[in-house]
Amino acid sequence: MKRRSNFKDYCSRGIYMITIAMEGRRPLLGRLSGEKAEEAHVELSEFGRKVKECWMDIPKYYPQIEVVKLCIMPDHIHGILFVHEKIERHLGHVINGFKAGCRKAAREMRIITAAMPQSTKRKDEITSPVKYTAAPPQSPLQAAQQAPPQQAQQASPQSPLQAAQQAPPQSPQAPPDYDRHHGLIWEKNYNDRILTGKGQYERMKAYLDDNPRRLLIKHLHPEYFTRLGNINVGGIPMQAMGNRFLLDNPVKIQIQCSRRMTAEEIEHYKNDILLRAKSEGAIVVSPCISPGEQQIATAAMGATIPLIVLLLNGIPPLFKPQPRYLKACTQGLLLMLAPFTYQNEKIDNMRQRCIKLNDIAADICKDD
């Protein structure tokens, strides 16, 4: 969601997690390395190292800002900035200055050959708290599988990991289909998340540290992290990701918890669900919306019980499953279904949508 909060002036004290993607999701910043998930890391390209330098230089121009964290992925970056004191120009100007430094470095390295011509230069959209349209969507798998033509012609076989780990060109030349004339390096705008909730700051730092591992897991198990397109579930076409064969299991149990249930009631219900699922070889099905449903679904995955989860807001472009779903997905124990088209706007009919998801879960669990 590339839009600013209506309740923040972006000049005052605060902690912000910023995400900026490369134009066209080009993997110019480095390459993913590691044969095992615990070894995953990104080897920065020369340009990636320059981008890191530009980010770490932000406090030189804005002493009120502390660089807390930076995670550079092959085609995007995540960074956490702590604004300790009020700044005269809002955060959009800070990000714009960082982008300008990166563009200058890209021109010097001849990744792009010219600055954007004045006649086509875009207005600094990041300085206005309005909504924007993201760049054309591309799945993570498509981005990971882009290989330079000369590598695609090699006779020797490649492993799935090698195919997913295509490095940026060793020379500073950009890919041949890259729009070098306009000098575009970054996508329009950026994403920000204001870290205000309890524990959110530490969770986001851990999320950034874990980013390479999650990406490598997706590359090692493409069969479970590729969109399956529309599949028909109970007469409803749905986007899906995960193990579609879980739908074929004849025994399915719905998880549905009212928010009025007490902790004791949820615990009793959870134990009953887990016992039934284990004894009957069942799959549990739920939208996992209420805290009780989330607690039971997490316990089910921990007990290696397969789960079908109905997503509340569809499957967005460049979808990344939640960390708690990641392991289950790699084990073939998870199927995510999206009855609704993805939207990045607020859901107005939330209650009706939740009821609909529970009705769909009930239909999935009916005996054939």
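In this report, we go over the structure that sits alongside the text. (Residues numbered from 1 in each chain as written. Predicted model: local features only at pLDDT ≥ 70, side-chain atom pairs only at ≥ 80, totals over all residues. Heavy atoms only, no water.)

**A short note on the overall build of the protein chain**
- The secondary structure content of the protein chain amounts to eleven helices and twelve strands.
- Nonlocal contacts in the protein chain, meaning residues at least 24 apart in sequence, comprise 73% of its contacts between residues at least 6 apart. (Helix = DSSP H or I, 4+ residues; strand = E, 2+ residues; numbered from the N terminus. Contact = heavy atoms within 4.5 Å.)

**Digging into the packing of helix H9 (residues 291-302) against helix H10 (residues 323-330)**
- Where H9 contacts H10, the two axes come as close as 10 Å, and the packing angle between them is 35 degrees. As H9 runs across H10, the sense of the crossing is left-handed. For the pair H9 and H10, contact is made by Gln-294, Thr-298 and Met-301 and by Arg-324, Tyr-325 and Ala-328, respectively. (Axes fitted to C-alpha atoms, helices over the stretch in contact; angles between N-to-C directions. Left-handed = near helix turned anticlockwise from the far one by under 90°.)

**Comments concerning the packing of aromatic side chains**
- Applying the stated criterion across every chain yields a total of three aromatic pairs.
- Between the aromatic rings of Trp-55 and Phe-98, the centroid separation amounts to 5.1 Å while the plane-to-plane angle is 90 degrees, which identifies the pairing as edge-to-face. Taken together, the residues span a long stretch of sequence, with Trp-55 in helix H1 (residues 46-56) and Phe-98 in helix H3 (residues 91-108) at a distance of 43 residues. The burial state of Trp-55 is the same as that of Phe-98; both residues are buried. (Phe/Tyr/Trp six-rings, centres within 6.5 Å; stacked < 30°, edge-to-face > 60°. Buried < 20%, exposed > 50% of the residue type's maximum accessible area, 1.4 Å probe, protein only.)

**Considering H3**
- End to end, H3 covers 26 Å across 18 residues, agreeing with the expected 26 Å (1.5 Å per residue, within 8%).
- All buried positions along H3 are accounted for by Leu-91, Gly-92, Val-94, Ile-95, Phe-98, Lys-99, Cys-102, Ala-105 and Ala-106. All buried residues of H3 project into a common sector of 160 degrees when viewed along the axis, lining one side.
- Just downstream of H3, Arg-110 is the residue with a positive phi angle, here 60 degrees. (Expected span 1.5 Å × (residues − 1). Arc of directions from axis to C-beta.)

**Quick word on the pairing of strand E10 (residues 283-286)**
- Side chains Ile-283 and Val-285 of E10 all project onto a buried face; the interleaved residues Val-284 and Ser-286 project onto the opposite face, where all are buried too.
- The sheet contact formed by strand E9 (residues 252-254) and E10 spans three bridges and is parallel. Bridge pairing in E10 places Gln-254 opposite Val-285.
- Read from E9 through helix H8 (residues 263-280) to E10, the crossover connection turns out right-handed.
- Pairing between E10 and strand E11 (residues 307-310): three bridges, direction parallel. Within E11, the residue paired with Val-285 across the bridge is Ile-308.
- You can see the chain leave E10, run along H9 and come back into E11, and the turn it takes is right-handed. (Pairing = 2+ DSSP bridges. Right-handed = clockwise from strand over helix to strand, strands pointing away.)

**Thoughts on the pattern of salt bridges**
- Under the criterion given, the structure shown has eleven salt bridges.
- Ionic pairing is found between Glu-280 and Arg-276, a salt bridge with its closest N-O pair at 3.9 Å. Here Glu-280 pairs with Arg-276, and both are found in helix H8, just four residues apart, close to one helical turn.
- Residue Glu-280 is classed as partly exposed on the basis of its relative accessible area, which comes to 40%.
- By sharing partners, the salt bridges in this structure join Asp-210, Arg-213 and Arg-214 into a single network. (Salt bridge = Lys/Arg side-chain N within 4 Å of Asp/Glu carboxyl O.)

**Considering the side chain of His-90**
- Tracing the chain through its elements places His-90 in the loop between strand E5 (76-83) and H3.
- Overall, the relative accessible area of 19% leaves His-90 in the buried class.
- Reaching out from His-90, the side chain makes a polar contact with the backbone nitrogen of Gly-92 at a distance of 3.0 Å. (Polar contact = N/O pair within 3.5 Å; in protein donor to acceptor, adjacent residues only side chain to side chain.)

**Description of the nonpolar core**
- Of all hydrophobic cores here, the largest spans 34 residues; its most connected members are Phe-47, Trp-55 and Trp-186.
- A per-element tally of this core places H3 first, with six residues.
- Judged by nonpolar contacts, the second largest core, of 27 residues, contains Leu-274, Met-301, Ile-305 and Leu-307. (Core = buried A, V, L, I, M, F, W, Y, C linked by side-chain atoms within 4.5 Å.)

**Notes on H9**
- Between its first and last C-alpha atoms H9 spans 16 Å; for twelve residues at 1.5 Å apiece the expected length is 16 Å, and the two agree.
- Taken as a whole, H9 has its buried residues at Gly-292, Glu-293, Ile-296, Ala-297, Ala-300 and Met-301. Buried residues of H9, viewed axially, fall in a sector of 165 degrees; they line one side. When the buried face of H9 is taken as reference, the exposed residues oriented beyond 90 degrees from it are Pro-291 and Gly-302.
- Those residues of H9 that are buried lie in contact with H8, E10, E11, H10 and helix H11 (350-364).

**Overview of the environment of Pro-212**
- The topology assignment puts Pro-212 in helix H7 (residues 200-220).
- Each C-alpha atom, one on Pro-212 and one on Ala-40, is 5.5 Å from the other, the two residues being 172 residues apart in sequence.
- Excluding anything up to four places from it in sequence, Pro-212 contacts Leu-32, Ala-40, His-41, Val-42 and Met-73.

**Section: the sheet that holds strand E1 (residues 14-21)**
- The strand order across the open sheet built from four strands is E4-E5-E1-E6, with neighbouring strands paired in antiparallel fashion. Strands with a single pairing partner mark the edges of an open sheet, and in this sheet they are strand E4 (65-72) and strand E6 (191-194). Taking each pair of neighbouring strands and ignoring which way they run, the sheet shows an average axis angle of 20 degrees.
- Pairing analysis gives four bridges linking E1 to E6, with the strands arranged antiparallel. Residue pairing across strands places Ile-18 opposite Asp-192, the latter belonging to E6.

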